[in-house]
Structure formats: structure tokens, C-alpha cells
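# Geometric and topological summary
If you want the building blocks of each chain, they are given just below.
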Amino acid sequence: MSATTAMEVNAEARRILAVSISKLYASRTQRGGLRLHRSLLLSLVMRSARDIYHSSRESEELCGPQPAAEEPEQPMDTGSRPGERAGLPEPQPRHEPALSPSPSSAPPPVPRAEEPASAGEGCDGETSEDKENWSPARRSRKRRGKASAAPDFLPSKRARLEPGEERYAAPLGSCRAAAGLSLSARSLNQVIAAF
Amino acid sequence: MGEDTDATPTLNHRGFLPDHNYVTEADIISTVEFNHTGELLATGDKGGRVVIFQREPEGKTEPFSQGEYNVYSTFQSHEPEFDYLKSLEIEEKINKIRWLPQQNAAQFLLSTNDKTIKLWKVSERDKRPEGYNLKDEEGRIKDISTVTSLQVPVLMPMDLMVEVSPRRVFANAHTYHVNSISVNSDFETYMSADDLRINLWHLDITDRSFNIVDIKPTNMEDLTEVITAAEFHPHHCNLFVYSSSKGTLRLCDMREAALCDKHSKLFEEPEDPSARSFFSEIISSVSDVKFSHSGRYLLTRDYLTAKVWDLNMESKPLETYQVHDYLRSKLCSLYENDCIFDKFECAWNGSDSVIMTGAYNNFFRMFDRNTKRDVTLEASRESSKPRAVLKPRRVCAAGGKRRKDDISVDSLDFTKKILHTAWHPTENIIAIAATNNLYIFQDKLNSELH
């Protein structure tokens, strides 16, 4: 897989994960209670997206590091990360354990997806993928077209945002995506089973 | 197939406001079912109501009113409930209606919501006793002193009244949401299926049911598939089939064991690895399964296709029909707008030669198994003036060569979906539920099935 294709697949996988998580949370407030079938299908999609995301990341590593200069940005980002993480209100305790053991390799940075919410894989251990800052040219967090149709998904304990609103601390939202991405298979099913 | 289908639409039994585009959610039709003779047609809606239509007898002087369906009875089958233990609201939406074969003057039907199945008796009253001794015609108690002789009340004809009463309530047997009910050919038992279990009931016994299928894993985290639909074989009272979210069908024989977790036959088509995508599992989930009238074949519907299976061949379907393959490249958008979770039903015609299923934009499709021809028709006000002939529609790929009246994939209205359809058991009459409207189409030219 070429690096570009891997990046695209990667971005797509992240986006689908973001959409899936928001659907899963929305279904909790649905009338009639949680639908087991729907939750199962959502978790299967999330698992596919996660698997494809991981395999495309691996293929990127194989392709070699990208020339973009993200190294200088990293220390800054790393410094800010723990602060952000500490500030992250607990939404899903079961995801936290999954975060720490997740491998913290140093993959080359992935170009950030259009939506800020799905960026920021940096919560995974030592950050090497600082989506926000890897290229000044792409610092803009403006939503772009249809690809960012997914609303900012949120932890259930925080106020729901209307679509179109952005949480000022976008990296927090991105941590959620990261949390989603590093879910183990057990965690995915735990999400379903817990309902 | 080439049949010309006359439109004799039965609309507006819900008080639809013609000037507004919105639809009251409670009026959305959630199930449609003909009875065994086709004389009655029942619809259930999201508000828990059931409306029964009756076909006018043929032979009336006015030729065009032959065989039209008119409202026969309306009643509230289920009410919203609250499960206090789980703090969950139980929707009153009618998921399925199944008629019992008629055994006496009354008609019986089973209707179910997510948790409770009810048996309703529908009977007619066209006579009433008159000439009581103690009451006068209005029901007021007579002054005893005015009664000088005794009379025997006689039955006098009255305007037809249709009475509906709940005869049985089958409750508290399902932890998960009931998706199917099916009456057995022995006319004594029926089954109800939820996401993980199937229960067998006797129609006369409400406090007890037998669990015949249980696919709940010990650890819910190991859950990989759920039951999506189930049906009894039309002739063999020991056989039934259930479909799963993985796209498999299992035929079970109740004679083999009390718990039919082990299937007698497993119908599964191996997945095409080249077609794998994020959404492969969702689109392979079977949304409906129906035995053919002969009992020889099974019809299944998944998101993009309808398949006919031969009971004697488990390895792959006999026939696969693409319902709307042009959506295959749009699965991601359909996932985002939730349309990919839509559960379409499917139906056989009386002779098992034609299958029918719904699609988007109020289109529905019919496939002739013998001639291999198919047609796409639309159920809408504009195209359904009474006695108008329905015009076949075509969907062309975006940017493709477009004929007049074709509609491009991008212009399809995904909020207008036809999930529920039913075919008269013997004649070419179909009932199509389009959101809150019911359309009934009759094929006047080819009334006999061939």
C-alpha cells in the first residue's frame, strides 16, 4: 500500500470510528432502549475501522517516515498532552486501561483529517503524531465539506453539542477518537455488553 | 412479467394533511399483512394502532369498485409501557402482525411490539336483541308497573359493527426486542423471536412458553450475531428457519431436541473477499426471511440483494437479485445517515414465481423468477391516480446516460423508503406501505396467476 493510500484509508477509518462512536452514544437515549442488533453492527464497523486503521499505520511505517518536520513540534506537543489528558473528564473508564498498554511506536505522522476531532492520536503514549501541528499549513481546523459531516462526538457526561459547534478544546475530542482507536476487542464488546 | 398494474390506491386512512410535508411519527406504518384468504389486510403503526381493511365483494354493479379495500376496523393494540426495573421505555410500535387461519365466524390475529404479543379477536355483530322486558329501547329501566306481559326478545338486524377484543396477552417472555412472530401450521402454536432467543407458545396458554433457540453467549462480550427473523415452515409443523445478522439461515427441526440450538441445515454463502469493506457485515445481515408457499424455497433480503434459496442446497443461494446495487458505492454516506440499518421486507406472490421487495424513493421492485425480468415501480401520489397504470421507473448511475423519466442515484430520496410490503395469497394484489401511506395495487389484466 502506498503511503498516500494508507493515509487516505487511515483518515477514512478514523472518520468512520468517530461517526460510529457518536451513533453508539446517541442510541443510548433512543426510545425503546438500546437495540442489540444495531449496537452489534456498530461495534463490528468500529472493529473493522480500527483494524484497517492499524494495518494502514503499519504499512505507513513500512513505507518509511514522511519528510514533514514534525519532530520539532513534538516536544511542545508532548508537554501539552499530559495537561490535556489530565483535563479530560472521565467519559469511559474502560477505555483508559486500553490506552496505557497500547504500543507507543513512533510512526511517521499522518496528515490530519479534516475534522479536528479525529486528529490527535498523540494520546497514545508518547506522541509522535501531532496532528494539529505537524504542518503549519494545515493548522486550520475549519470543517471541510462532507467529510466532516460527523458531528463532534462527545463523552456522554458532557453537554451535547449541536452539529456545527466546536468544542474549544478540540484535542480533548481527539483524545476520544484515540481512545476509540486503541480499543481492544474486549473493550469494544464491553461497550455493548455494558448497556 | 410485463403486467400492467392498475393503481387503486387506498390512502389517507391516517388523516394526512395534504398541504404539509411532515408526517406524524405515530402514523408511520410498521407492518402489513394479508390474512389467509386475502379478504382482510391489517396494518400496524408506530403509535401501536392496528387498522384492518376488508375487500369489497366483487359483483357489485359498479365495475370499478370491484375488490377495493376499505377500512373495516381500527383499534389500539399496544400502549407505551415503562420497564421500571431497567428504566427503559417500551415502544408501542407494532413490529409484526400475523393472522390465524379462520376456524369460525371470527377472525384472529397476533400483534406484537418489542416485548408483548397479543391475540385479538375480530368479530362482526349485525344483529341485536330487541324487546327486553325490563329495559326499554334506549336501555333505561322500565317502570315495573307498566309491564303487563312477558315477551321474548328477538334478534333484529342492525348496522354492521366490528368488535375487537384482546383474548390473550403473552407477556414477560422476552428480554430483548421481539422481531418476528410466526404461526405454526398446526394452528395451535406459534413462535416469537427476539435478538437472542426464540420461544414457542401455545395459543391458549399465556403464562408459559418454551424456549427453543438460545444463542446468547455466556459472556455477552463474545456476542457475534443476533437473530433477525424467524418463520415456521408452511406445511411441516416441526420445521422453522431463523436468519442471523451474519447472513446465515438455520433450518431447525423441533423433533431433534427440545432446544434447537443445533441446526439441521445451515444456509450460508461464502463471502467474496474482494468485496470486503467496512460495512460488509452490515449489508450481509438478513433483514427478512420468508418461506415460499410451496415450502420448497426461502426468500431472504439483505441490504442490497434478495436471494432465493433451495431448502436442499445449503452452500449458496439458488438465485440472487440485485435490488439497488447502485448504492454499493455509497455505503459510507448511507452509514452516516443511518439508512444502512434499514430493514427491508420481502414477499412471494401466490404461485412463488415473482418476488417483491422495497427500496428507496418509494420505489419497490418485483423480480420474475421464470422470465428473469424485473421492474421498478413507484408508490407515490403523483404516479398513483386511481385506475392509472403504473409506469416502470429506472435509476441510472450518476453521470450515466439518462433517458427521460430516469432518476439519478443522487436524486433519490432516502427518507422515502418502502420497508413493508405484502402480496395477496392468491391474486395479484399488493399492499405497499410508504411511510404513513398505504398503497394497494391490483393487476386487473392478469388476475389469474400463472
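Up top is the structure.
One structure accompanies this document, and this report is about it. (Residues numbered from 1 in each chain as written. Chains lettered and ligands numbered in written order. Predicted model: local features only at pLDDT ≥ 70, side-chain atom pairs only at ≥ 80, totals over all residues. Heavy atoms only, no water.)

One finds B:Phe279, B:Tyr303, B:Tyr335 and B:Ile340 to be the most contacted residues of the largest nonpolar core, which totals 55 residues. Looking at this core, the elements that each hand over two or more residues are α1 (3-28) and α2 (36-63) of chain A together with α1 (280-284), β21 (297-301), β22 (305-310), α2 (331-336), β24 (346-348) and β26 (363-368) of chain B. Broken down by element, the residue count for this core peaks at nine residues, all from α2(A). When residues no more than four places from it in sequence are discounted, the contact partners of B:Phe279 are A:Ile16, A:Val45, B:Leu331, B:Cys332, B:Tyr335 and B:Ile340. In this structure, B:Ile418, B:Ile430, B:Ile432 and B:Tyr439 belong to the second largest nonpolar core, which totals 16 residues. (Core = buried A, V, L, I, M, F, W, Y, C linked by side-chain atoms within 4.5 Å. Buried < 20%, exposed > 50% of the residue type's maximum accessible area, 1.4 Å probe, protein only. Helix = DSSP H or I, 4+ residues; strand = E, 2+ residues; numbered from the N terminus. Contact = heavy atoms within 4.5 Å.)

To continue, consider the sheet that holds β24(B). Residues and elements named next belong to chain B. Pairing is antiparallel across the open sheet formed by four strands, whose spatial order is β24-β25-β26-β27. Strands with a single pairing partner mark the edges of an open sheet, and in this sheet they are β24 and β27 (374-378). With strand direction ignored, the average angle separating the axes of adjacent strands in the sheet is 20°. As paired elements, β26 and β27 share five bridges and run antiparallel to each other. Of the residues in β27, the one forming a bridge with Met366 is Val375. (Pairing = 2+ DSSP bridges. Axes fitted to C-alpha atoms, helices over the stretch in contact; angles between N-to-C directions.)

Residue and element names in this part refer to chain B. The strand order β16-β17-β18-β19 describes an open sheet built from four strands, whose pairing is antiparallel. The open sheet has two edge strands, β16 (227-232) and β19 (265-267), and neither has a second partner. The average undirected angle you get between the axes of adjacent strands in this sheet is 20°. In this sheet, β19 lies alongside strand β18 (residues 249-253) in antiparallel orientation, the contact comprising three bridges. The residue of β19 that forms the bridge with Leu251 is Lys265.

Moving on, we get to the pairing of strand β25 (residues 354-358) of chain B. Residues and elements named next belong to chain B. Burial analysis of β25 places five of its five residues in the buried class, which makes it a mostly covered element. On β25, burial covers both faces: Val354, Met356 and Gly358 on one face and Ile355 and Thr357 on the other are all buried. The pairing of β24 with β25 spans three bridges and is classified as antiparallel. Bridge pairing links Trp348 to Ile355 in β25. If you look at the hairpin formed by β24 and β25, you'll find five residues sitting between the two strands, and Asp352 has a positive phi there, around 60°. Here β25 hands over to β26 after four residues, with Asn361 in that stretch at a positive phi of 60°.

The partner chain A presents 28 residues to the 31 residues of chain B that form the contact. Interface of chain B and chain A: buried area, both sides summed, is about 2700 Å²; carbon and sulfur atoms make up 60% of it. Among the residues of chain B in contact with chain A, B:Glu221, B:Phe278 and B:Tyr335 are the three that bury the most area, contributing 28% of the side total. Remark: the boundary between chain B and chain A carries seven salt bridges. Linking B:Asp338 and A:Lys23 is a salt bridge whose minimum nitrogen-to-oxygen distance equals 2.6 Å. Among the elements that take part in the side of chain B that touches chain A, α2(B) stands out by supplying three residues, more than any other. For the side of chain B that touches chain A, the residue count by class is 13 nonpolar, six polar and twelve charged. (Buried area = accessible area lost by both parts, 1.4 Å probe. Salt bridge = Lys/Arg side-chain N within 4 Å of Asp/Glu carboxyl O. Nonpolar A, V, L, I, M, F, W, Y, C, P; charged D, E, K, R; others polar.)

This brings us to the environment of B:Ile141. All names here are of chain B. With respect to the helices and strands, the residue Ile141 is situated in the loop between β10 (117-130) and β11 (154-170). Under the relative-accessibility criterion, Ile141 is labelled exposed at 68%. Excluding anything up to four places from it in sequence, Ile141 contacts Leu134 and Lys135.

What follows concerns the pattern of salt bridges. Scanning the entire structure with this criterion turns up 39 salt bridges over all chains. B:Glu336 is paired through a salt bridge with A:Arg15; the nearest N and O atoms lie 2.4 Å apart. Separated into two different chains, B:Glu336 in helix α2 and A:Arg15 in helix α1 make up a pair that spans both. A relative accessible area of 25% places B:Glu336 in the partly exposed class. Residue B:Glu345 is joined to B:Lys96 by a salt bridge in which the shortest nitrogen-to-oxygen separation is 3.8 Å. Taken as a pair, B:Glu345 in the loop between α2 and β24 and B:Lys96 in strand β8 (residues 96-99) lie far apart in primary sequence, 249 residues in all. As far as the burial class goes, B:Glu345 and B:Lys96 line up, both buried. Each of the salt bridges in this network shares a partner with another, and the network as a whole consists of A:Glu12, A:Arg15 and B:Glu336.

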